[in-house]
Amino acid sequence: SEHVREFSCGMLYYRTLYLDSKRDALYVGAMDKIFRLNLSNISHSNCERDALNLEPSNVANCVSKGKSEHFDCRNHIRVIQPMGDGNRLYMCGTNAHSPKDWVIYSNLTHLPRHEFVPGVGMGIAKCPYDPADNSTAVWVEKGNPGDLPALYSGTNAEFTKADTVIFRTDLYNLTTGRKTYSFKRTLKYDSKWLDKPNFVGSFDIGSHVFFFFRETAVEYINCGKSVYSRVARVCKRDTGGKNILSQNWATYLKARLNCSIPGEFPFYFNEIQSIYKVPGDDTHFYGTFTTSTNGLMGSAICSFHIDAIQEAFRGKFKEQATSSSAWLPVLSNKVPEPRPGQCVNDTETLPDTVLNFIRSHPLMDSAISHENEKPVFYKRDVMLTRLVVDKLRIDFVGIDLDYTVYYAGSSDGRVHKVVQWIDSNGESQSILLDVFDVTPGEPIQAMEISKEHKALYVASDHRIKQIDLVMCTRRYDNCLRCVHDPYCGWDKDSNTCKPYEPGLLQDVSNTTADVCDSSVGKRKLVVTWGQSVHLGCFVKMPEVLANQEVRWYHYSKEKGRYQIAYKYGAGGDKFIETSEKGLVIVGVNEQDAGRYDCWLGGALLCSYNITVDAHRCSAPAKSNDYQKIYSDWCHEFEKYKSAMKSWERKQAQCASRQNDSNQNLHTNEVYGTPLV
């Protein structure tokens, strides 16, 4: 399909993506390789020409420690970050459980020897040892001590995984190559600072770098353990303390992220799985959260505003007086001056009272609440692993309407498409628009989005898919679903769904009840007396509509308009509801004639007008009439035979194609199902 393109060089664990819109390239970190793909059409990229091999060193040493040769002891690229104007890329790989980093040109060539970058070569604390570990890193050019560039990372810094760290590399004078400032890190083996974290993202914003992760909650003192989501903050100008915390952050703070369904007893989605920030917009963060994976499974999307995050960091600190005490807010008069965690020109001048306080009080008291007091979207029995977001402004009859479209990837290879808007009362509203199979059965590992190319890029361990954001004709065959998608509009002249432009029907917020009435398909059926007939609006009911109530109404001469009720058991089998919310009328008679309307919520889906032909059942009077009916039935039988053969032929083709695709990893077959 022209809507979907694929790139694969086999199962290479494509888990790191960096999208460079200026160079029209998607960089992909994989096993022993980095790829540079063509953003406009990734299937035009080549496995050899558009790749740089970065083979691991010392594989034997890795294998001798009990690690697997074909996965653990390979070089999985886990960090790809642009340096300066993006002409050079910083990257870091697991390198057979001995992390190593490189700087290369953006065209995937190595730097010449005279362009040596100081501090590059050893990747410990910059990316993980284990390719299965979650980690994050961001290259920061401006705002560091001496305004020197550095990498900020969140990862495991030991082979044994005992030392997890939020880290900034040594800072070097780029002219002389001399080290000017030493690295900074979180306190080693201190569970108050970090307790078995899983990092999901990091961002350079203003004078701070923010880290998002989930970790064992030190403040949860009930029976057992609980995992909480966190955001941590460090000042970029931090140079540590003079005597206390000399190698550590002197401004490290963290706070809990709250993503929950509100109520007297809120339902919490405690474990952050991914975080996304729209490029150029430093005010909003969008995350996917899950319940604990060993209980009832559920996922949610929540959004957070930078002001709410900063407000929590300006609030009260949390402390536990003794190991058996409850965690309580610190009284304001016990907080030293200058306030711990705030950015200062030189952290080495901070008094010991401030450094000792921050050493023992990195956690803020109040949790950061999500926007609009509710999740954007939540669903049970699904694990949303990745998220990207597109912001749209639609010119609708001279009024600018703003929509936020979320694409959330799941552990079973599907993408959930959700649209959010603000209604006339200022309340946030959202609906699930679509669910589509992208990498069936393969967990989605990474996602990116390009506004310029109007495309979504989805990576699993086996392949990368490129999907058009605007797929109106392909995805929606009826007006009702089409008008809810902000990218699309319904053309009532041609009865098709098209990319939105003024003049097409659109009703994203579902405020115009009869917007689709003029476009509803009205079909006429002539039915023989005694025959059974099936009325339906969908060949297959879309998953996004499955939980909504579908009602059928009959307009009859005797009863007028009434809702059809399904009665099961003896004498109640006149009307049967199909699994796709269709209607079967059993043994049609004269009373069943008339109009049948199918309604979904407040919208008309489809309409049928049934005429009952009672004459076809009366016996013919002449031999010519007998011959004509005999001929008609023979003709009808031949049509059935032909249809049966055609169906069998297509089934055989499908079966052989399925076998081919199972054997070929480089297939360009796209969706397991055109619509789920």
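Going by the structure above, here's the rest.
Keep in mind that this is a model prediction, so the values were computed, not measured.

K.L.:
I'd like a rundown of the overall build of the protein, residues and numbers included.
P.N.:
Along its length, the protein carries six helices and 44 strands. Structurally, the protein occupies a C-alpha span of about 115 × 60 × 50 Å along its principal axes. For the protein, the exposed area adds up to about 32,400 Å²; of that, 50% sits on carbon and sulfur atoms. The average position of the 79 basic charges and that of the 80 acidic charges among the side chains of the protein differ by 2 Å.

K.L.:
Break down empty space enclosed by the protein for me, with residues and values.
P.N.:
A full pass over the atoms with the stated rule returns three cavities of 30 Å³ or more. Considering only enclosed or pocket space, the largest cavity measures out at about 60 Å³ in volume. Of the residues that constitute the lining of the largest cavity, the class distribution is nine nonpolar, no polar and five charged. Its boundaries defined by the atoms lining it, the second largest cavity holds a volume of some 40 Å³.

K.L.:
Tell me about helix H2 (residues 306–313), and please be specific about residues and values.
P.N.:
Buried residues of H2: Ile-306, Ile-309, Gln-310, Ala-312 and Phe-313, and no others. With its buried residues spanning 155 degrees around the axis, H2 presents them on a single face. Structurally, H2 contributes buried residues whose contacts are with strand S16 (208–216), strand S17 (227–235), strand S18 (253–258), strand S22 (284–290), strand S23 (298–305) and strand S26 (368–369).

K.L.:
Tell me about the state of the cysteines, and name the residues and values.
P.N.:
Applying the stated criterion across every chain, the model contains eight disulfides. The disulfide bridge from Cys-92 ends at Cys-127, spanning 2.1 Å between sulfur atoms. The sign of the S-S torsion, about -65 degrees, decides the handedness of the disulfide formed by Cys-92 and Cys-127: left-handed. Remark: Cys-127 occurs in the loop between strand S8 (100–105) and strand S9 (136–140) and Cys-92 occurs in strand S7 (residues 88–93); sequence separation between them is 35 residues. For the pair Cys-92 and Cys-127, a shared accessibility class is recorded, and that class is buried. Between the sulfur atoms of Cys-482 and its disulfide partner Cys-497 the distance amounts to 2.1 Å. Across the S-S bond of Cys-482 and Cys-497 the torsion is about 85 degrees, and the bridge reads as right-handed. Residue Cys-482 is located in helix H5 (residues 479–482), and its partner Cys-497 is located in strand S36 (residues 496–499); the two are separated by 15 residues in the primary sequence. Across the pair, Cys-497 and Cys-482 agree in class, each one buried.

K.L.:
Quick one: what's the story with the sheet that holds strand S38 (residues 533–535), residue by residue and with numbers?
P.N.:
Spatially, S38-S42-S41 is the arrangement adopted by the three strands of the open sheet, whose pairing is antiparallel. Each having just a single partner strand, S38 and strand S41 (575–577) make up the two edges of the open sheet. Direction aside, neighbouring strands of the sheet carry axes that sit 25 degrees apart on average. Note that S38 and strand S42 (residues 583–585) share three bridges and pair antiparallel. In the sheet register, Val-533 faces S42, and the bridge partner there is Ile-585.

K.L.:
Provide a residue-level description of the environment of Thr-16, including the pertinent values.
P.N.:
Looking at where Thr-16 falls in the secondary structure, it is placed in strand S2 (residues 16–20). The spacing of Thr-16 and Ser-430 is 414 residues in sequence and 30 Å in space, taken between C-alpha atoms. At 2.9 Å, the side chain of Thr-16 forms a polar contact with the backbone oxygen of Ile-77.

K.L.:
I'd like to hear about unusual backbone geometry, residue by residue, with values.
P.N.:
Cis geometry marks the peptide bond from Glu-337 to Pro-338; its omega dihedral reads -5 degrees. Backbone geometry places Asp-24, a non-glycine residue, at a positive phi of 55 degrees. Within the fold, Asp-24 resides in the loop between S2 and strand S3 (25–29). For Asp-381, which is not a glycine, the phi torsion comes out positive at approximately 60 degrees. Summarising the element assignment, Asp-381 is placed in the loop between strand S27 (377–380) and strand S28 (384–396).

The rules we used
- Each chain carries its own residue numbering, running from 1 in the written order of its sequence.
- Residues qualify for local features only when their pLDDT is at least 70, as the model is predicted, and side-chain atom pairs are given and counted only at 80 or more; totals for whole chains, interfaces and linings, by contrast, use all residues.
- Calculated side-chain values reflect all of the structure's heavy atoms, with hydrogen atoms and water omitted.
- Only DSSP runs of H or I covering at least 4 residues are called helices, and only runs of E covering at least 2 are called strands; the numbering of each starts at the N terminus.
- All accessibility values rest on the Shrake-Rupley procedure with a 1.4 Å probe; residue burial counts only the protein chains present in the view.
- Charged residues are defined narrowly, with Lys and Arg counted positive, Asp and Glu counted negative, and His plus the chain ends left uncounted.
- Every charge is mapped to an atom, namely NZ of Lys, CZ of Arg, CG of Asp or CD of Glu.
- Using a grid of 1 Å spacing that covers the protein atoms alone, one calls a set of points a cavity when a 1.4 Å probe fits there but cannot get out, and a pocket when the set is open and has protein on both sides within 12 Å along at least five of seven lines; lining residues are those with an atom within 4 Å of a point.
- Grid points are joined across faces, edges and corners, and a volume is the space filled by probe spheres set on the points.
- Three classes are used: nonpolar for Ala, Val, Leu, Ile, Met, Phe, Trp, Tyr, Cys and Pro, charged for Asp, Glu, Lys and Arg, and polar for all others, with Gly counted as polar.
- Relative accessibility under 20% of the residue-type maximum defines a buried residue, over 50% an exposed one, and the middle range a partly exposed one, all with a 1.4 Å probe and only protein chains included.
- The directions considered for the arc are those from the helix axis to the C-beta atoms.
- Note on contacts: a residue pair is in contact if any heavy atoms of the two residues lie within 4.5 Å.
- Count a disulfide wherever a pair of cysteine sulfur atoms falls within 2.5 Å.
- Any two strands with at least two DSSP bridges between them are considered paired.
- The angle between two axes is taken between their N-to-C directions and runs from 0 to 180 degrees, where each axis is a line fitted to C-alpha atoms and a helix contributes only its stretch in contact.
- Any pair of nitrogen or oxygen atoms within 3.5 Å is treated as a polar contact; in protein, a donor-acceptor pairing is required on top of that, and neighbouring residues in sequence qualify only through side-chain atoms on both sides.

What is shown is where atoms sit, not what they do.
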